[in-house]
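Here are the chains, one letter per residue:
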Amino acid sequence: MIRGSCNCGTVRFELTAPPTMMGTCHCSRCRKAGAGTFVLVARESLSWIAGREAVASYLPEPPFKYARCFCRHCGTGLGEIASEAETFPIAAHCLDDDPQVRNRFHEWVSVKPGWYEICDSAKQFPENPG
């Protein structure tokens, strides 16, 4: 069991299986949403403990399509935790326990801010790895 929560503790969830992978996106949208490093989880492994009703979504203007979720009380970015997809990314920083996966790649390295230094050996992609 891997527990997760927002900063204020209103939103709480558990994963019954480890995420399938971890990655880091360096695009400005992910950075500003507080969800640069994410884990991919299967919808069937996510169990809500509390606060599902406190999850709000930001729906971007086209051509962007991914809704970014956050706690409406403390603002913690939660990735796409309200997605109806079979697998979806959630922000790794929301996990309270070790997710049992490590960073596999960095995407959108071409727009990474100069102040951020990549300090691991994960594969790097200038844009989306496709």
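All chains use their own residue numbering, which begins from 1 and follows the written sequence. The predicted nature of this model means local features are confined to residues of pLDDT at least 70 and side-chain atom pairs, given and counted, to a pLDDT of 80 or more, with totals for whole chains, interfaces and linings taken over all residues. Processing note: side-chain calculations cover all non-hydrogen atoms of the structure and skip hydrogens and water entirely.

A. Fine view of the pairing of strand β10 (residues 103-107). A simple rule labels every residue: compare its accessible area, found with a 1.4 Å probe on the protein chains alone, to the largest value its type can have, and call it buried under 20%, exposed over 50%, or partly exposed in between. Put simply, DSSP H or I for four residues or longer makes a helix, DSSP E for two residues or longer makes a strand, and each gets a number counted from the N terminus. Among the 5 residues in β10, 4 count as buried, and that is most of the element. DSSP bridges decide pairing: two strands pair if at least two such bridges lie between them. In terms of strand pairing, β10 meets strand β11 (residues 123-124) through 2 bridges, oriented parallel. Paired with H106 across the strands is Q124, a residue of β11.

B. Representation of unusual backbone geometry within the structure. Phi at Q100 takes a positive value of approximately 70 degrees, unusual for a residue other than glycine. The residue Q100 is located in the loop between β9 (87-91) and β10 in this model. What makes Q100 exposed here is its relative accessible area of 56%. For W108, which is not a glycine, the phi torsion comes out positive at approximately 60 degrees. As for its placement among the helices and strands, W108 is situated in the loop between β10 and β11. Among the residues examined, W108 registers a relative accessible area of 28% and is labelled partly exposed.

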